[in-house]
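These are the residues of each chain, in order.
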Amino acid sequence: MSQQGYVAAPPYSQAQPGMGGYQGGFGPGPAQPLYGHYGGPPQAFHAAPTAIMKSPVSSAAGMPPPPVSSHYNPNVQQNGAHAQRYPAPPAASNAYGQPPQSAYNNMASPAPPPGQQQLTNQMSAMNLGNYAPGPMQNPPPAPGSVAQQPFQMAPPPAMGQPQMPPPQSPQTNMPMAGPQMGGPPMAGPQMGGPPMAGMGRPFPGPPPPGAGGFQQPGPGATGPPGYPQQSGQFGGQMAGPQPGMPGSFPGAPAPMAGPPQKKLDPDSIPSTTQVIEDDQEKHKGKVFTTNFRGQVPPLVTTDFTVQDQGNASPRFIRCTTYSLPCTIDLAKQCQVPLASIIKPFASLPKNETPLYVVNHGETGPIRCNRCKAYMCPYMQFIDGGRRYQCGFCNCVNEVPVFYFQHLDHMGRRVDFYERPELSLGSYEFAATLDYCKNNKPPNPPAYIFMIDVSYNNIKSGLVRLICNELKTLLEKLPREEGTENSAIKVGFVTYNKVLHFYNVKSALAQPQMMVVSDTAEMFVPLLDGFLVNYQDSRAVIYNLLDQIPNMFADTNESETVFVPVIQAGVEAFKAAECSGKLFIFHSSMPTAEAPGKLKNRDDKKLVNTDKEKTLFQPQKGVYEQLSKDCVAQGCCVDLFLFPSQYVDLTTMADVPSHTGGSIYKYNNFQAETDGEHFLRDLRKDVQKSIGFDAIMRVRTSTGFRATDFFGAIHMNNTTDVEMAAVDCDKAVTVEFKHDDALSEETGAHMQCALLYTTINGQRRLRIHNLSLNCSSQLSELYKSCETDSLINFFAKSAYRAILNQPLKNVREILVNQTAHMLACYRKNCSSPSAASQLILPDAMKVFPVYMNSLMKSAPLVGSTELSTDDRAHQRLTVMAMGVEESQLMLYPRLIPLHNMDVNSEALPAPVRCSEERLTDSGMFLLENGHSMFLWLGQASPPDLIQSIFNLPSLAHLQGHMCALPELDNPLSNKIRSIISGLLEKRPNSMKLQIVRQKDKPEMLFRQFLVEDKGLHGGVSYMDFLCYVHREIRQLLT
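Since the model is a prediction, treat every value here as computed from it, not as a measurement.

Draft legend 1. Layout of the overall build of the protein. Of regular secondary structure, the protein possesses 23 helices and 31 strands. Across the 1037 residues that make up the protein, the buried fraction comes to 61%. Within the structure as shown, the protein displays about 37,500 Å² of accessible surface, and the carbon and sulfur contribution to it stands at 52%.

In structure tokens form, the structure reads like this:
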């Protein structure tokens, strides 16, 4: 691969100032210290204090801005733009204080601002051919400009000029679809607020003072600092600035619109679907063997087979880059985060070997005396096999007598291939009593089903549904390979304001109920007969499950408790001396008098203020303590919520999100429409492979170490990741930092060791080892990057950062770091080319589309239209996601179904996630792992509708259909098999929503078209790319 990387054709070389839908100033870094990882002071670019280091007062990391060094040769003129043509930048105080008012105040004056006359031949360097960026028009050439240019724009600001879209005028007159009025360019009814494409102000809210660069608009700007959303519910036109709409600026003179310009071809920008397809072709039918260090694996979207030959399979560990920079300075310079996403329990396909279990008997696993790393392929045997040198800390250890083996002529042990721990990347050790609580073997775990039987759950049909399902589901509890029945014990609790425990001992003819009404001091009223073996007590349990729905059929109790329910579970596990999982089915906010009582704190007025973060912060106190108690006992909580209004999910989900649990949410649940969707989730959740009472540690070779951990985890100290349970879908993202230089020769090693209890009650150690390259060449690092892992890391770190920073700062940091990583590549790794070209590393060419999608995700968009609970739910779900799930969530699959070959086994190739790909006569399936839509164009042919819905035409289709009718024709069979295949493959169930083009529910579907402008704020992929390109050029000048 040439170093050139991906050279994007010029289209986006021109950014619209202030970038469509994000507020201007989304470039400057906040003056507060950047959060967690983002490589300390971004001093890698000794550029003029523009972009990342905008404010002369304090740069992003509170450091004085570095001097303008000749690091980027300041004399290189940018793009033929002549600095002297620019009005001299105003004095610093002016630039950073209130904006110079002139151009800003007379927003309505039709005269072009001074900058408009300087639209010089900057663009001729762009070889634009005949397209203009984005759906923009070509303005008539300004006086004195070069006539043949495709479109003109003010040259980028001269070096010292801070780039602050609202205040400064010369930059903001990039001709856009709407006529320009000296204010920022926009296509929507924007009036003097910061520039955006038609969205009112999608990320409203007054900027925090001192957030670098973004100042309050001057007196001429519109109204209150909250910038209300303007123009109807979704603000402006849906599809971004549309050509030929001169009047989109109220009261604006139209003459500037100019003749229509050919629209930029969206196919010219990097395509995610293409990247996915190419990778599939490249690895088709090949086996990925893990015998080399630092190999970049196939993408998560590719089907491939792994053969473990000394490094863990990418199903267990993926990294943001497989070649670490050798020094701290290089790491800081490129700002590419160094992280791994570890899924210790990932499920393996049937054609891959399950992990071997190594049992060393009484002595237990062999470990390094100094750093305690476990025996693995990176240990070097010396001295005829009598000693070994640790691959992590270099300590030389004696080989225990029983483990001794001679070396062959290569210095390898003769039994190399017989011992999994010497030849494989992943394996397990049987743990000895030293690894068990109180030095005694654990009991098999238990599952307790806790059903809220308050009025809502009875009325919706939920309680009956759960009880019926459990009769069959309990037959399928997870069991160890080769055993007939599951060792997991089960128990049952129902509750509203009080708790009902059931004795289901096999000797009883009828189940017995015991009520605990004192919820302040929770205890379990029976020990014997509460947790039982399902096979033994089947008859009594059946009897109980038949009775529960009828027992509470006439209840009027609508109040519930919540914390005492979890406390009861922890107490039951304590008494039984086991770990386990609580399945809680809950409907409303716990308002009854009891510990953990909550009150409504949802306040839309906080959205887009500095206090918005409180909406994501759980209530402290009893919930915090409860998480600790659960983790200590190995009690994992899975919460199934069925709310009809706000329930403070942030707080209720706090325990599940620290105990390795999952949170499922079904708004306004109705058994007939949502029942199957919920049951699919419940079945997967009960049956998935899982380990309990787990503790994980990540060891690394010298020179770097794990510094930060993200996931559904609890941390008592800085090194031990504790999880009450860990299942096959949970991933922990680990960030690494240098503490010394790394060596290219030896590379870098990491070992993830997970101690856990199996479903049979055995204590085991699961070990995953991975070796990476180290390089002093940044080009190697960029070549070995993995976009999907990078975005998983960025999503988790941003979602954690919103707990203590304003959203606006978090979004700015994300953009800054994106620009920084790409600018560093451009500067150090690509061959010289015109500044107007956007050059992206091959492995990261679609990174911007994911980053833009992340910035438009519900938790990061300040919109009052989104429910606080939904935003909190998405935030917590992502924190535990693996790479595959986060990739799909941020770039959904859009599959055309109307023209597929019904006889082919293969799935039709997905198309890009944009409205432009939909056709009026088409039918598309969209899925992102959590939602699934079947979209029908308004001109869908009647025979298509007939063969799928058995209806004469689209008009006959009733809303609220949640499954396709089973019709016996090839098309119907094929589509239903595609849908069920996807439902089978994804960790979560998805409820099928059928939407017709131009119907109201279509709005829901549109927010998943991530290449288009966001519904609740955020710009299109094209605009984002332009913006990032402009930021990169700022960094390089």
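Draft legend 2. Geometry of the pattern of salt bridges. A complete count under the given rule lists 48 salt bridges for this structure. For R764, the salt bridge goes to E480, with nearest N and O atoms at 3.8 Å. Of this pair, R764 sits in strand 26 (residues 763–775) while E480 sits in the loop between helix 8 (462–473) and strand 13 (489–495), placing them 284 residues apart in sequence. Its salt-bridge partner being R683, residue E676 comes within 3.1 Å of it at the nearest N-O pair. Accessibility expressed as a relative area gives 45% for E676, which makes it partly exposed. Shared partners join several salt bridges into a network, and the residues in it are K581, D638, D685, K688, D727, D729 and K730.

Draft legend 3. Here's a closer look at the nonpolar core. Ranked by internal contacts, the top residues of the largest apolar core, which has 70 residues, are Y782, M851, L854, L860 and F1005. Broken down by element, this core gets its largest block of residues, 10 residues, from helix 16 (residues 807–828). Other than its neighbours up to four places away in sequence, M851 contacts I791, F794, L814, T818 and F1024. Among the nonpolar cores identified, the runner-up in size contains 45 residues, and I448, V493, V637 and L639 belong to it.

Draft legend 4. Spatial organisation of helix 13 (residues 671–687). All buried positions along helix 13 are accounted for by D674, G675, H677, F678, L679, D681, L682, D685 and V686. The inward-facing, buried residues of helix 13 abut strand 12 (446–452), helix 8, strand 17 (580–586), strand 18 (635–641) and strand 19 (663–665).

Draft legend 5. Examining the side chain of Q633 more closely. Structurally, Q633 can be placed in helix 11 (residues 622–633). Exposure remark for Q633: the relative accessible area of 14% places this residue in the buried category. At 3.5 Å, the side chain of Q633 forms a polar contact with the backbone oxygen of F573. Each residue touching Q633, except ones within four places of it in the same chain, is listed here: K437, V570, F573, K574, C578 and S579.

Draft legend 6. Just the packing of aromatic side chains, in detail. Evaluated as defined, the whole model comprises 33 aromatic pairs. Taking 5.7 Å as the distance between ring centres and 55 degrees as the angle between the ring planes, the aromatic pair formed by F794 and F847 counts as tilted. Residue F794 is found in helix 15 (residues 787–801), and its partner F847 is found in helix 17 (residues 847–855); the two are separated by 53 residues along the sequence. With a relative accessible area of 0%, F794 lands in the buried category. Clustering of aromatic rings is evident, with ring pairs tying together F585, F640, F642, Y664, Y666, F669 and F678. The positively charged end of R412 is found above the aromatic ring belonging to F416, 4.3 Å away from the centroid. The ring of F345 has R766 lying over it, and the distance from NZ or CZ to the ring centre is 4.3 Å.

Draft legend 7. Expanded view of the sheet that holds strand 30 (residues 932–936). Sheet architecture is open: four strands sit in the order 28-29-30-31, paired in mixed fashion. The open sheet has two free edges, formed respectively by strand 28 (893–896) and strand 31 (992–996), since each of these has just one partner strand. Pairs of neighbouring strands in the sheet enclose a mean axial angle of 20 degrees, with direction left out of account. Summarising the sheet, strand 30 and strand 31 pair through five bridges and their orientation is parallel. Paired with W935 across the bridge in strand 31 is V995. Those strands touched by helix 20 (residues 942–949) are strand 29 (923–927), strand 30 and strand 31, and its axis lies near 145 degrees from that of strand 30.

Draft legend 8. How the structure looks around unusual backbone geometry. Phi angles above zero are rare outside glycine, and Q335 is one such case at about 55 degrees. Judged by relative accessible area, Q335 falls into the buried class, the value being 6%. In the Ramachandran plot, N438 falls in the positive-phi region, its phi being about 50 degrees despite a non-glycine side chain. Checked against the element boundaries, N438 lands in the loop between strand 11 (426–430) and strand 12. You can call N438 exposed: its relative accessible area is 70%.

Draft legend 9. A look at the environment of G529. As for its position among the elements, G529 is in the loop between strand 15 (512–516) and strand 16 (532–533). In contact with G529, other than residues within four places in its own chain, are Y502, N503, V504 and K505.

Draft legend 10. A look at the packing of helix 10 (residues 563–576) against helix 11. Between helix 10 and helix 11, the least distance of the axes is 10 Å, while the angle of their chain directions is 25 degrees. One element, helix 10, and the other, helix 11, form an angle in the roughly parallel class. Between helix 10 and helix 11 lies a crossing of left-handed hand. Packed against helix 10, whose contacting residues are V563, I566, Q567, V570, F573 and K574, the element helix 11 presents V622, Y623, L626, D629, C630 and Q633 at the interface.

Draft legend 11. Seen up close, the sheet that holds strand 4 (residues 317–319). Read from one edge of the open sheet, four strands run 4-6-24-21, paired in antiparallel fashion. Only two strands of the sheet have a single neighbouring strand rather than two, namely strand 4 and strand 21 (704–710). Going across the sheet, the axis of each strand differs from the next one's by a mean of 25 degrees, ignoring polarity.

Draft legend 12. Up close: the packing of helix 8 against helix 13. It is the contact of helix 8 with helix 13, at a shortest axis distance of 11 Å, that shows an interaxial angle of 40 degrees. With respect to their mutual orientation, helix 8 and helix 13 come out oblique. Considering how the two elements wind past one another, helix 8 and helix 13 form a crossing that is right-handed. For the pair helix 8 and helix 13, the contacting residues are L462, L465, I466, E469 and L473 in the first and G675, F678, L679, L682, R683, V686 and Q687 in the second. For the contact of helix 8 with helix 13, a count of residues per class yields eight nonpolar, two polar and two charged.

About the thresholds
Residues numbered from 1 in each chain as written. Predicted model: local features only at pLDDT ≥ 70, side-chain atom pairs only at ≥ 80, totals over all residues. Heavy atoms only, no water. Helix = DSSP H or I, 4+ residues; strand = E, 2+ residues; numbered from the N terminus. Buried < 20%, exposed > 50% of the residue type's maximum accessible area, 1.4 Å probe, protein only. Areas by Shrake-Rupley, 256 points an atom, 1.4 Å probe, with all protein chains shown as cover. Salt bridge = Lys/Arg side-chain N within 4 Å of Asp/Glu carboxyl O. Core = buried A, V, L, I, M, F, W, Y, C linked by side-chain atoms within 4.5 Å. Contact = heavy atoms within 4.5 Å. Polar contact = N/O pair within 3.5 Å; in protein donor to acceptor, adjacent residues only side chain to side chain. Phe/Tyr/Trp six-rings, centres within 6.5 Å; stacked < 30°, edge-to-face > 60°. Lys NZ or Arg CZ within 6 Å of the ring centre and 35° of its normal. Pairing = 2+ DSSP bridges. Axes fitted to C-alpha atoms, helices over the stretch in contact; angles between N-to-C directions. Parallel < 35°, antiparallel > 145°, perpendicular 65-115°, else oblique. Left-handed = near helix turned anticlockwise from the far one by under 90°. Nonpolar A, V, L, I, M, F, W, Y, C, P; charged D, E, K, R; others polar.

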